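Geometric and topological summary
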Amino acid sequence: TGAGVAVDAASRGLKVALVERDDFRTSSQSTKLVHGGVRYLQKAVTELDYEQYKLVRETLHERRIFLQTAPYLSSMLPIMLPIYKWFIRYWQVPYYWAGCKMYDFLAGGENMGSSYVMSKGKAVEAFPMLKTDGLVGAVVYYDGQHNDSRMNIALIMTAVQQGAVVANHVEVTSLLKTNSGGKVTGASVRDTLTGNTWDIRAKGVINATGPFADALLTLDNPDHRPIVQSSSGVHVTLPNYYSPRTMGLLDPSTSDGRVIFFLPWQGNTIAGTTDTKASLEVEPRAREDDIRWILEEIRHYLSPDIQVRREDPLERKHSFL
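Presented here is an overview of the structure given in this document. (Residues numbered from 1 in each chain as written. Predicted model: local features only at pLDDT ≥ 70, side-chain atom pairs only at ≥ 80, totals over all residues. Heavy atoms only, no water.)

1. Some remarks on the environment of Tyr 50
Definition in use: Runs of E in the DSSP output that reach at least two residues are strands. Runs of H or I that reach at least four are helices, and both are numbered from the N terminus. Relative accessibility thresholds used throughout: buried, under 20% of the residue-type maximum; exposed, over 50%; partly exposed, between the two (1.4 Å probe, protein chains only).
Secondary-structure assignment places Tyr 50 in helix H3 (residues 50-69). Look at Tyr 50 and you get exposed, because its relative accessible area is 54%. Along the chain, Tyr 50 and Ala 126 lie 76 residues apart, while their C-alpha atoms are 36 Å from each other.

2. Section: the packing of aromatic side chains
Put simply, the rule reads: For Phe, Tyr and Trp, where Trp contributes only its six-membered ring, two rings pair if their centres lie within 6.5 Å, and the inter-plane angle classes them as stacked under 30 degrees, edge-to-face over 60, or tilted in between. Charge-over-ring placement is defined geometrically: NZ (Lys) or CZ (Arg) within 6 Å of the ring centre, and within 35 degrees of the ring normal.
Overall, the coordinates contain seven aromatic pairs when judged by the stated rule. Relative to Tyr 242, the ring of Tyr 241 lies with its centre 5.1 Å away and its plane at 25°, an arrangement referred to as stacked. What makes Tyr 241 partly exposed here is its relative accessible area of 36%. With relative accessibility at 0%, the residue Tyr 242 sits in the buried group. Grouped by ring-pair contacts, the aromatic residues Phe 127, Tyr 241, Tyr 242 and Phe 262 constitute a single cluster. A cation over an aromatic ring shows up here: Arg 21 above the ring of Phe 212, its NZ or CZ 4.7 Å from the ring centre.

3. Focus: the nonpolar core
How we decide: Put simply, buried Ala, Val, Leu, Ile, Met, Phe, Trp, Tyr and Cys residues joined by side-chain atoms within 4.5 Å make one nonpolar core. Any two residues whose heavy atoms approach within 4.5 Å at even a single point are treated as in contact.
Ranked by size, the top nonpolar core spans 28 residues in total, and within it Met 80, Phe 127, Leu 130, Leu 238, Tyr 242, Phe 262 and Ile 298 carry the most contacts. Elements with a minimum of two residues in this core: strand S3 (74-84), strand S5 (135-146), strand S10 (231-238), strand S12 (260-265) and helix H8 (288-299). The contacts of Phe 127, once residues within four sequence positions are left out, are Met 80, Tyr 242, Ser 243, Pro 244, Met 247, Gly 248, Leu 249 and Phe 262. The next biggest cluster of nonpolar side chains, apart from the first, holds 20 residues, and it includes Leu 60, Leu 106, Tyr 141 and Leu 263.

4. Regarding unusual backbone geometry
Phi at His 169 takes a positive value of approximately 55°, unusual for a residue other than glycine. Tracing the backbone shows His 169 in the loop between strand S6 (165-168) and strand S7 (170-177). Since its relative accessible area comes to 22%, His 169 is described here as partly exposed. Of note, the phi angle at Gln 266 is positive, near 50°, even though the residue is not glycine. For Gln 266, the location among the structural elements is in the loop between S12 and strand S13 (268-272).

Now the structure itself:
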């Protein structure tokens, strides 16, 4: 968000300074999806939640802008919802098909591809790693996938090209204010690598710190009451034999009701994410129980020929949502 704000402001001719406490690559701890949110659409329908409906409409529009703005970093990805008779009744084939068609309809002219139903044979052909026992078929819909870390760097470089001054490993230690009225006029910052400190004067300060927003709000008002409830999202990177290169998989109803994605990424496979309440940490680490939960859930969908082992994850990523 901060990189996007810097591009927008600098391109309008404003003087911009952007500081990042850690490294700009911290944006890379994600599922790599640019999606409207099929689970939000499900909530909008089942709970008659108009706000969720508006969120899906807006994110589907932004998805198309993302893919048009940086096609070299983004692409569309078909995602399969496998359907098993021991897990989901036959009547839910049309249920998921109707849900995906509504997703297509809300995207309108910005839709990436039309969702469709696959037979059991076609599903196994497209995703050979699938467990075939009890498989009825699958529903496939389209969403976007992108390289979020490169996108973040591209935005930062664009901001610099437009005249912004940016620095990573620089943290805000306090806010500068006028003597009367307490209006914010800038920030005191510290280089976390050298310890050097200096002040940055500004007519406006934008808090684009995501889950850490309360920390900056507290600098402005020591009596501030937290408004952000952070949640932990964990992903694991698995070897390439866990998924095909051109098809993702979505488990819409795991053992505890959460949603899990299983996606190809740069020759490997990303599996996740969890979504649990957690305390904020500067250097978060994936919890062992979250890793084992992800591995156990994907085991339900894979052929017995693929042995899911605890030592298989090549990388474990943890982010705050």
